[in-house]
Amino acid sequence: MVKKFFSRFYLGLILLFLYAPIFILIILSFNKSKSRSRWGGFTFTWYHNLFQDEAIMEALRNTLIIALLAAIIASVIGTCACLAISNMKKIPRGILLGISNVPMMNADIVTGISLMLLFIALNYPLSFSSILMSHITFNIPYVILSVMPRLTRQNAIIYEAARDLGATKSYAFFKIILPDIFPGILSGFLLAFTMSLDDFVITYFTKGAGFDTLSTIIYTEVRKGIKPEMYALSTLLFISILILLVLINRKKDKEHGEKPLRNA
Amino acid sequence: MNTKKWLSYPYTIWMGIFVIIPLFIIIYYGFTAEGGGFTLSNISLITDPINLASLWLSLELSLVSTAICLLLAYPLSLILHGMKLKNNSFIIMIFILPMWMNFLLRTLAWQNILEKTGVINTFLKLLHLPALDLINTPGAIIFGMVYNFLPFMILPIYNSLSKISDDYINAARDLGANSLLTFLKVILPLSLPGVVSGITMVFVPSLTTFVISDILGGSKVVLIGNIIEQQFKTVNNWHTGSGLSLVLMVFILFSMAILTKYDKESEGKNIW
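Keep in mind that what you see is a predicted model, and the values were worked out from it rather than measured.

**Topic: the overall build of chain B**
Next up, step 1: In terms of regular secondary structure, chain B is built from 12 helices and 0 strands.
Next up, step 2: Reading the secondary structure of chain B in the N-to-C direction produces α-α-α-α-α-α-α-α-α-α-α-α.
Next up, step 3: Counting only C-alpha atoms and orienting by the principal axes, one finds that chain B spans roughly 75 × 70 × 35 Å.
Next up, step 4: For chain B, with 272 residues in total, the buried portion stands at 43%.
Next up, step 5: Put simply, of all contacts in chain B between residues at least 6 apart along the chain, 73% involve residues at least 24 apart.

See below:
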């Protein structure tokens, strides 16, 4: 009993540590005073102003479009790569998987700088597409990481069986392989989307002047003071993803309940 | 299924262009002077007292933060594992969710907590305790590092713990081991791959950050990441910046080598 109390208490403390800054940001989004350190009363002004602020809205659009496109393209490239790699011999397989570890293990600052130098060497303008390509690059490993473990020998065997029984290649793929790896693709996509949305360092080095995402706007505002509209926007983003994830989890829980029947 | 080899081509070409070639460009800049001739002076700039001091400080702070993360995360992972939740994604969700609040804003919020007039000091004042000098110190940066990178320690350890079959633990208990001995001889060694990947996932970003030191250290604490960032963004000396980045990469390669040594059987796919 005592042990259980202590472990719950400890878990609570860590969660408090992780979520304390988030509560503070949410509180600040309702703070009438523009100062971060003084409470000036409750207001919805910032939520109202937010949608009139062209710069923030523009940055929000850029951020979401880049994150979405990068995650989709990375999911396609990564999933295709996994399908091919899973059939390879040990050495090429090791090399290809090793390459995917590089952007993940390397420091963001080095990845960002090296991509910036690449674009400059190719005389490629630093703007929307340079950021997009950089994000795809660091997103691919997350997709591979989530999809690869799903491609087991088991589904290769079932795939062969389906082929023997007369299924066409594409029919067998869509009926056997894809449903099996789809949860992996989905979690890889979500992970990639999240990483892309939260990225600052790589965007900072691969963006040109005049193009901003939310992170880079916030970074320039850190010194002169953050516009309170930014807190309002982050609160909205956070709450909407929270709701979305709870809904996904609910659905998953239901599916979990059904699964044993299907496998039996 | 040999016909599917071509599916790896987009990936191979992409990674070749955007991962391998850029690394060679950094190496090129790191070993050449402004005019284009070969030189080692960019690399040897790391021995400049200011650069060396900041590299040393970065190593110190990132090692301390990694140790703190490990000490916090291991018991937590044991607790989470002990809760026997049937849905793993829930655990992953609560630790990834904070990332949906922008990383810079989250770190900035720690300013509010640690400041002279911040949450902690206001609280201490209520208790009539002396105020603490927290912000703009190395301690504040360690705080920021632990905060930002703790999930990267928790998830791999939790993952490796949940892979340990209960049969091993039951067998150990059947053979007369008490719970401490079972932990030391069975659970700990089997969870080591998770611990090692957690250590790398925390150590590398802490060692190379420039944002956390920017926000929580004022301009008083300069890490090696800040020096490299300045070389590219304000001084505009790409050769020096690349040279220092190469030095940094030696440390990263070193920790990657340790990781692959421990992570052999899982082929590097279980970092999360």
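**With respect to the overall build of chain A**
Next up, step 1: Counting secondary structure elements, chain A contains 11 helices and 0 strands.
Next up, step 2: In sequence order, the secondary structure elements of chain A are arranged as α-α-α-α-α-α-α-α-α-α-α.
Next up, step 3: By principal-axis analysis of the C-alpha atoms, chain A measures approximately 70 × 65 × 35 Å.
Next up, step 4: By the burial criterion, 40% of the 264 residues in chain A qualify as buried.

**A closer look at the UniProt feature "domain: ABC transmembrane type-1" (unreviewed entry) in chain A**
Next up, step 1: Look at the UniProt record and you will see "domain: ABC transmembrane type-1" (unreviewed entry) annotated at residues 60–248 of chain A.
Next up, step 2: With 83% helix and 0% strand, residues 60–248 of chain A has its two end C-alpha atoms placed 24 Å apart.

**A word on the confidence of the model for chain A**
Next up, step 1: On average, residues of chain A score 87 in pLDDT, and 95% of them reach the 70 mark or higher.
Next up, step 2: Here residues 258–264 of chain A is a poorly scored stretch, pLDDT under 50, and it has 0 contacts once near neighbours within four places are set aside; other chains count.

**Some words on the interface of chain B and chain A**
Next up, step 1: With 71 residues of chain B at the interface, the matching set in chain A holds 69 residues.
Next up, step 2: When contributions to the side of chain B that touches chain A are tallied by element, the ones reaching two or more residues are α1 (9–30), α3 (49–82), α4 (88–96), α5 (103–114), α9 (179–208), α10 (211–216), α11 (224–233) and α12 (238–262) of chain B.
Next up, step 3: If one sorts the elements of the side of chain B that touches chain A by residue count, α1(B) sits on top with 13 residues.
Next up, step 4: The residue makeup of the side of chain B that touches chain A, split by class, is 48 nonpolar, 15 polar and 8 charged.

**A few points about the packing of α1(B) against α12(B)**
Residues and elements named next belong to chain B.
Next up, step 1: At their nearest, the axes of α1 and α12 sit 7 Å apart, and the two run at 115° to each other. Judged by the angle between their axes, α1 and α12 are roughly perpendicular. Of the two possible hands of crossing, α1 and α12 adopt the one that is left-handed. For the pair formed by α1 and α12, the contact residues are I26, I27, Y29 and G30 on the first element and W238, H239, S242, G243, S245 and L246 on the second.
Next up, step 2: Class assignment of the residues belonging to the contact of α1 with α12 gives a composition of 5 nonpolar, 5 polar and no charged.

**Details of the UniProt feature "transmembrane region" (unreviewed entry) in chain A**
Residue and element names in this part refer to chain A.
Next up, step 1: Annotation from UniProt places "transmembrane region" (unreviewed entry) at residues 9–30, 64–86, 107–126, 132–151, 172–195 and 230–249.
Next up, step 2: Helix makes up 91% of residues 9–30 and strand 0%. Its end C-alpha atoms lie 30 Å apart.
Next up, step 3: Helix makes up 70% of residues 107–126 and strand 0%, and the two end C-alpha atoms of the span are 21 Å apart.

**Some words on the UniProt feature "transmembrane region" (unreviewed entry) in chain B**
Residues and elements named next belong to chain B.
Next up, step 1: Within this structure's numbering, the places UniProt gives as "transmembrane region" (unreviewed entry) are residues 12–31, 55–78, 90–114, 134–158, 179–204, 210–228 and 240–259.
Next up, step 2: A distance of 34 Å separates the end C-alpha atoms of residues 55–78, which is 100% helix and 0% strand.
Next up, step 3: Taken end to end, residues 240–259 is 100% helix and 0% strand, and its two terminal C-alpha atoms sit 29 Å from one another.

**Some points on the nonpolar core**
If you look at soluble globular proteins, the nonpolar side chains tend to sit buried side by side.
Next up, step 1: A74(A), A192(A), I141(B), M153(B) and I154(B) are the most contacted members of the largest nonpolar core, which totals 136 residues.
Next up, step 2: The element contributing the most residues to this core is helix α7 (residues 138–163) of chain B, with 15 residues.
Next up, step 3: Apart from the residues lying within four places of it in its own chain, the contact partners of A74(A) are I136(A), N139(A), I140(A), V143(A) and A192(A).

**Let's talk about the packing of α3(B) against α11(B)**
The description of two helices packed together rests on the angle between their axes and the distance between the axes.
Residue and element names in this part refer to chain B.
Next up, step 1: Where α3 contacts α11, the two axes come as close as 7 Å, and the packing angle between them is 130°. Taken as axis vectors, α3 and α11 run oblique relative to one another. Between α3 and α11, the residues in contact are N51, S54, L55 and S58 and I224, G225 and I227, respectively.
Next up, step 2: Of the residues that constitute the contact of α3 with α11, the class distribution is 3 nonpolar, 4 polar and no charged.

**Here's the deal with the environment of K84(B)**
Next up, step 1: Residue position: K84(B) is located in the loop between α3 and α4.
Next up, step 2: Taking the C-alpha atoms as reference, K84(B) lies 50 Å from Q231(B); in sequence the two are 147 residues apart.

**Comments concerning the environment of I94(B)**
Next up, step 1: Inspection of the secondary structure assignment puts I94(B) in helix α4.
Next up, step 2: I94(B) sits 110 residues away from V204(B) along the chain, and the two C-alpha atoms are 23 Å apart.

**Some thoughts on unusual backbone geometry**
Residues and elements named next belong to chain B.
Next up, step 1: Even without a glycine there, the phi angle at N136 is positive, about 60°.
Next up, step 2: Note that N136 resides in the loop between α6 (119–126) and α7.
Next up, step 3: Phi is positive for N236, close to 65°, though the residue is something other than glycine.
Next up, step 4: In this fold, N236 is placed in the loop between α11 and α12.

**Re helix α6 (residues 128–147) of chain A**
Next up, step 1: With 20 residues, α6(A) should reach 28 Å at 1.5 Å per residue; the first-to-last C-alpha distance of 28 Å fits that figure.
Next up, step 2: Counting buried positions over the 20 residues of α6(A) gives 16, a clear majority of the element.

**Some points on the confidence of the model for chain B**
Residue and element names in this part refer to chain B.
Next up, step 1: Per-residue confidence for chain B gives a mean pLDDT of 86; residues scoring 70 or more make up 94%.
Next up, step 2: Within chain B, no element has a lower average pLDDT than α4, which sits at 78, and none a higher one than α1, at 94.
Next up, step 3: Contacts for the low-pLDDT stretch residues 265–272, under 50 throughout, to residues beyond four places or in other chains number 18 contacts.
Next up, step 4: Complex prediction metrics read pTM 0.87 and ipTM 0.85.

Conventions adopted
- Residues numbered from 1 in each chain as written.
- Chains lettered and ligands numbered in written order.
- Predicted model: local features only at pLDDT ≥ 70, side-chain atom pairs only at ≥ 80, totals over all residues.
- Helix = DSSP H or I, 4+ residues; strand = E, 2+ residues; numbered from the N terminus.
- Buried ≥ 20, exposed ≤ 12 C-beta atoms within 10 Å, placed from the backbone.
- Contact = placed C-beta atoms within 7 Å.
- UniProt positions renumbered as here; feature names shortened; annotations may be inferred.
- pLDDT = per-residue confidence, 0-100.
- Nonpolar A, V, L, I, M, F, W, Y, C, P; charged D, E, K, R; others polar.
- Axes fitted to C-alpha atoms, helices over the stretch in contact; angles between N-to-C directions.
- Parallel < 35°, antiparallel > 145°, perpendicular 65-115°, else oblique.
- Left-handed = near helix turned anticlockwise from the far one by under 90°.
- Core = buried A, V, L, I, M, F, W, Y, C linked by C-beta atoms within 7 Å.
- Expected span 1.5 Å × (residues − 1).

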